[in-house]
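So the chains spell out like this:
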Amino acid sequence: MYTNNYVIVAIFVGLGIFLPVAALTIGKWLRPSKPIDPKLTTYESGNEPVGEGQIRFNIRYYLFALMFVIFDVETVFLYPWAVAYKKLGLFALVEMLIFVGLLAVGLLYAWKKKVLQWTSI
């Protein structure tokens, strides 16, 4: 009985690998391939590329993105907890208060380091 479950999982894993590889391979065979110099240049909305292709961004972009991800993941953990709160009891409440407290400490740390201030460059 358990072997049957593993066979089903193996079939889905095989299909999950085979179908994208097959689609990409068939697409490569069917598409036209005539490389010329204008096709190999970087496309910038029809304009000629100017300057370096790689530039440095302000670290604040990454810090804001990281802060967003952290607090977005918090909501992912809070929602199921809130739905099942009555079944979980006091232990889950204490556990969630510790979790939210750690996130609050992280927010205060970011606030003290002035990560949340957006100033122009």
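So, how was this worked out
Residues numbered from 1 in each chain as written. Predicted model: local features only at pLDDT ≥ 70, side-chain atom pairs only at ≥ 80, totals over all residues. Heavy atoms only, no water. UniProt positions renumbered as here; feature names shortened; annotations may be inferred. Helix = DSSP H or I, 4+ residues; strand = E, 2+ residues; numbered from the N terminus. Buried < 20%, exposed > 50% of the residue type's maximum accessible area, 1.4 Å probe, protein only. Contact = heavy atoms within 4.5 Å. Areas by Shrake-Rupley, 256 points an atom, 1.4 Å probe, with all protein chains shown as cover. Lys, Arg positive; Asp, Glu negative; His and termini not counted. Charge placed at Lys NZ, Arg CZ, Asp CG, Glu CD. Expected span 1.5 Å × (residues − 1). Patch = residues over 30% accessible without salt bridge, like charges linked within 9 Å, V, L, I, M, F, W, Y side chains within 5 Å. Salt bridge = Lys/Arg side-chain N within 4 Å of Asp/Glu carboxyl O. Domains from an automatic or database assignment.

- Looking at an unreviewed UniProt entry, one finds the protein chain named NADH-quinone oxidoreductase subunit A, with Gordoniibacillus kamchatkensis as its source organism.
- You can read under Subunit (unreviewed entry) in the UniProt record for the protein chain the words "NDH-1 is composed of 14 different subunits. Subunits NuoA, H, J, K, L, M, N constitute the membrane sector of the complex."

## Section: the overall build of the protein chain
- Secondary structure summary: the protein chain contains 5 helices and 0 strands in total.
- Written out in order from the N terminus, the α and β elements of the protein chain read α-α-α-α-α.
- In the protein chain, buried positions account for 7% of the 121 residues.
- Considering only contacts within the protein chain whose residues lie at least 6 apart along the sequence, 59% involve residues at least 24 apart.
- Counting every atom, the protein chain has about 11,500 Å² of accessible surface; 70% of that belongs to carbon and sulfur.
- A distance of 6 Å separates the average location of the 11 positive side-chain charges in the protein chain from that of its 7 negative side-chain charges.

## Examining helix α5 (residues 90-112)
- Between its first and last C-alpha atoms α5 spans 33 Å; for 23 residues at 1.5 Å apiece the expected length is 33 Å, and the two agree.
- Buried-residue contacts for α5 involve α3 (59-83) and α4 (85-88).
- One or two residues past the end of α5 sits K114, with phi positive at roughly 60°.

## With respect to a nonpolar patch on the surface
- On the surface, a cluster of nonpolar side chains totalling about 790 Å² of accessible area is made up of I55, F57, I59, Y61, Y62, F64 and W118.
- Mapped onto the fold, F64 is located in helix α3.
- Classification of F64 by relative accessible area gives partly exposed; the value is 31%.

## Focus on the environment of R56
- If you trace the backbone, R56 turns up in the loop between α2 (37-40) and α3.
- On the accessibility criterion, R56 (84% relative accessible area) is exposed.
- Taking the C-alpha atoms as reference points, R56 and L66, 10 residues apart in sequence, are found 18 Å from one another.

## Let's talk about the UniProt feature "transmembrane region" (unreviewed entry) in the protein chain
- In the numbering used here, UniProt assigns the feature "transmembrane region" (unreviewed entry) to residues 6-26, 61-82 and 88-111.
- The span residues 6-26 is 100% helical and 0% strand by assignment, and the distance between its end C-alpha atoms comes to 30 Å.
- The straight-line gap between the two end C-alpha atoms of residues 88-111 is 33 Å; of that span, 96% is helix and 0% is strand.

## Focus: the domain arrangement of the protein chain
- For the protein chain, the domain assignment lists domain 1 (2-40) and domain 2 (60-112).
- The distance between the C-alpha centroids of domain 1 and domain 2 comes to 38 Å.

## Quick look at the environment of N5
- Within the secondary structure, N5 is located in helix α1 (residues 2-30).
- Owing to a relative accessible area of 44%, N5 belongs among the partly exposed residues under this scheme.
- Once the C-alpha coordinates of N5 and V94 are considered, the two residues, 89 residues apart in sequence, prove to be 38 Å apart.

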